[in-house]
Amino acid sequence: MSPPPASPPPAAAVSVPLRVQQAYASGFRLEVTPEDLAFLAGLALTGEIDATTEFDLATLMQVHRSVDEVVGALGGGGERAERAVGRLIEQRLLTRLDFGGIRHGGTYTLSALARALLEHALGPERLDRQSLAVVLGSVLAHLTEIEAAARHDADPAHWEAQVEAPLRLVVHELIGAIERRQHALDAEQRDTRQAIQALLDADWDSALERCGPLLNAAAGTLRELREAMFEQTSLLNERLEAIESAALAGGHAAVAARAAGLLLRLGTVAQWCQSRFERWGEYTRTVNEFIRTQVRFDRERSVAARLAEALRSYADAPWALVVNDAGQLLRLRPEAVDPAADAHAATLPDEAEGAPAHADAALDARHAALAAALDATLAGGGSVSLAGLLAASAADTPLDLRYALYARLFAHALARHPQAAHEPAAAPVALGARLQVEDLQLTPEAR
Amino acid sequence: MDRLYPTLADALADELFPEVDTLLRRGVHLDETDARRWHFLNAAEEHLAAFYARYGARLVRAAEGYAYLLPGESGALFARRHLAREDMLVGLVLALLRMDPHHLQRLWLLDEDTVLLALQNAVGRGALAEVLSGRKRAVDEETGNREIREAVGRALSRLARLGFIDRETRERVPCVRLRKALYRFAEPFRDGAGQLDAARLAARGVVMLGQDDADSGDDADDAA
């Protein structure tokens, strides 16, 4: 079997005709008979039962005989079995692991292509503690061998056959097998969430009882995966780091990069296990909290119906929640202001009842000038910052007058421009050493 | 007597007290989302309830898992206000969404367009525009839509400041996460027939019936 080509260049760098020519020129053809598929399925299941991803030739022969007994179409005999194995290798469905026949009879594993075919034909592979432990154990065994090979200061052919190729083919494919199972588990959890959604839609009373087992089963699987990953991660990382170091020391940059890439992928797998476990925990808490709250709060769902009705008729029968508002020492106006309706509340005393008793001519004059500037800016389509206006025009005014001016200007803005967009500032603005105000940004009213 | 805080002085001496106290006085609703403050509040609840009672205020711990400080009726020392009309409308529709299990899958995270659409469906676009803009008719549809969107955005900001929701951006889409305190909006409809309960709650100072907008948001300017 010839190894698959190296990583292709980025898609943008390859034209469609060139890619098509490459594919055609590869000469690869796939002819999978139902008998081949049965043989592959038998091997996959044998691997699961024996907790391994590798098969020696004797095992292949034995599995072929067993499958023949069931299917009855493979044709018995060792010669036919060997031909079947050869055909699967040619079609890149079986991968020989000992690169060059170091071991008598050889060691084989199912390729990613074979696993993808089986997944397509039989449904996705399951990701559970057992399957993850098998794959991780296999990865560790290979990495241990690869690390030992990397310690020999050998020629480039040795590095290619004993280090780079196993990393590229075996470990890459095994981690790929975990990643495919992750996708399958994600899909399974989406199905579970939809099933829970259907239960919640149907019957709140029994939802907790019926949702519980679904939630717990998924949580149990994720917990086991996280534990299995946690147990193996440090050992796997140690091996890969050792391979990377040896490769760098020997000047094999490509191998070092491949080891670093695998480290990254393993880290991503571990992160996936952790994040899925946490997210499922949060989802479980949310479901349980919802059921407890809603069943207690609105068993007959009548509260929601009355709430919807109140929303429809709110304009005719308004009401409002009361909240505490004792912490806003710096605010001159509350946040919840309806500018249009507040116009009367903001009417100036001197407009409604004549001049206030404490007014003095200087304050009135300054106020009139600032108010006129405000009106003119807004009328001209500009925006105004009250604090900015005051800071620019009244910097020389004593602090107490500045405070009074700001208050009067604020009231003037609300009274005269109720339709303007009022945006309170996020933070207080300093108008002096001892005076901070909540600024008000006004933009012209829509006409 | 609480094991962590045997006395009121112990509770007040905790470094979290100033933060929790300030938030409660501002009308913020707390829940387990803010784990440290929530645990402090739970542990010191007995002392804090007695402490705030001396100001004429009530520390409310709702069974749904949130808490807030409710200003007392006449004679209370804390300032109080009621929510503005647009905050009420948006809060009511958010409460409806919080009671809908369809939004549970995303852990109560909704994009703001969903909120806007739910509001328009529940109230009707015309009525919504009238309440939010204060005008019977918008100058044009585009202006009307913009005014509604802006008013809803401002209401969401104010509701977030009070702890009813969190605002966040996911993949550049503005979203809100619905918090438990939204159940407060459904409280008047919990038993009986809606407005009857609102009247009962109004008598206790929990809600205000009608909306005297001249008084909007400010019942006690001089209290601290």
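Along each chain, residue indices are assigned from 1 in the same order as the chain's sequence is written. In the order they appear in the text, chains get letters beginning with A and ligands get numbers beginning with 1. Per-residue local features of the predicted model are confined to residues with pLDDT of at least 70, and side-chain atom pairs are confined, for both listing and counting, to 80 or more; whole-chain, interface and lining totals are unaffected and use all residues. The side-chain values count all of the structure's non-hydrogen atoms but skip hydrogen atoms and water molecules.

Going by what an unreviewed UniProt entry lists, chain B is known as Condensin subunit MukE and is assigned to Plasticicumulans lactativorans.

Taking an unreviewed UniProt entry as the reference, chain A is identified by name as Condensin subunit MukF belonging to Plasticicumulans lactativorans.

Chemist: Whenever I open this one, the packing of aromatic side chains confuses me. Can you help?
Modeler: All names here are of chain B. The rule is short: rings of Phe, Tyr and Trp, with Trp giving its six-membered ring, pair when the centres are within 6.5 Å, and they are stacked under 30 degrees, edge-to-face over 60, tilted in between. A complete count under the given rule lists twelve aromatic pairs over all chains for this structure. Here the aromatic rings of Y55 and F78 are separated by 4.7 Å at their centres, their planes lie at 15°, and the arrangement is stacked. Placement of the pair is Y55 in the loop between helix 4 (45–53) and strand 2 (58–62) and F78 in the loop between strand 3 (66–70) and strand 4 (80–82), with a sequence separation of 23 residues. Between buried and exposed lies partly exposed: a residue is buried under 20% and exposed over 50% of the maximum accessible area for its type, with that area taken using a 1.4 Å probe on protein chains only. Taking relative accessible area as the criterion, Y55 reaches 25% and is therefore assigned partly exposed. Helix and strand assignments come from DSSP, with helices taken as H or I runs of at least 4 residues and strands as E runs of at least 2, each series counted from the N terminus.

Chemist: Mind showing me how you'd approach the packing of helix 5 (residues 85–98) of chain B against helix 8 (residues 141–161) of chain B here?
Modeler: Geometry of a packed helix pair, given as the angle between the helix axes and the separation of the axes. Residue and element names in this part refer to chain B. At a minimum axis separation of 9 Å, helix 5 and helix 8 run at an interaxial angle of 75°. Accordingly, the angle class assigned to the pair helix 5 and helix 8 is roughly perpendicular. Contacts between helix 5 and helix 8 pair E86, D87, V90, G91 and L94 from the former with V152, A155, L156, R158 and L159 from the latter. When residues are grouped by polarity, Ala, Val, Leu, Ile, Met, Phe, Trp, Tyr, Cys and Pro land in nonpolar, Asp, Glu, Lys and Arg in charged, and all others, Gly among them, in polar. In terms of residue class, the contact of helix 5 with helix 8 is made up of six nonpolar, one polar and three charged. Interaxial angles span 0 to 180 degrees and are taken between N-to-C directions of axes, which are lines fitted to C-alpha atoms, for helices over the stretch in contact. Angular relationships are summarised with four words: roughly parallel below 35 degrees, roughly antiparallel beyond 145, roughly perpendicular across 65 to 115, and oblique for the angles in between. Contacts are residue-level and defined by heavy atoms, with any inter-residue pair within 4.5 Å sufficient.

Chemist: Sorry if this is basic, but what is going on with the nonpolar core here?
Modeler: Side chains of a nonpolar character, in soluble globular proteins, are inclined to be buried together. What makes a nonpolar core is a set of buried Ala, Val, Leu, Ile, Met, Phe, Trp, Tyr and Cys residues whose side-chain atoms join them at distances within 4.5 Å. Judged by nonpolar contacts, the single largest core of 114 residues is most densely connected at A:L143, A:L167, B:L83, B:L94, B:F164, B:L178 and B:F185. It is helix 9 (residues 253–298) of chain A that provides the largest number of residues to this core, a total of 15 residues. Setting aside chain neighbours within four positions, we find B:L94 in contact with B:V115, B:L156, B:L159, B:I165, B:V176, B:L178 and B:L182. Judged by nonpolar contacts, the second largest core, of 23 residues, contains B:L16, B:L48, B:F51 and B:A57.

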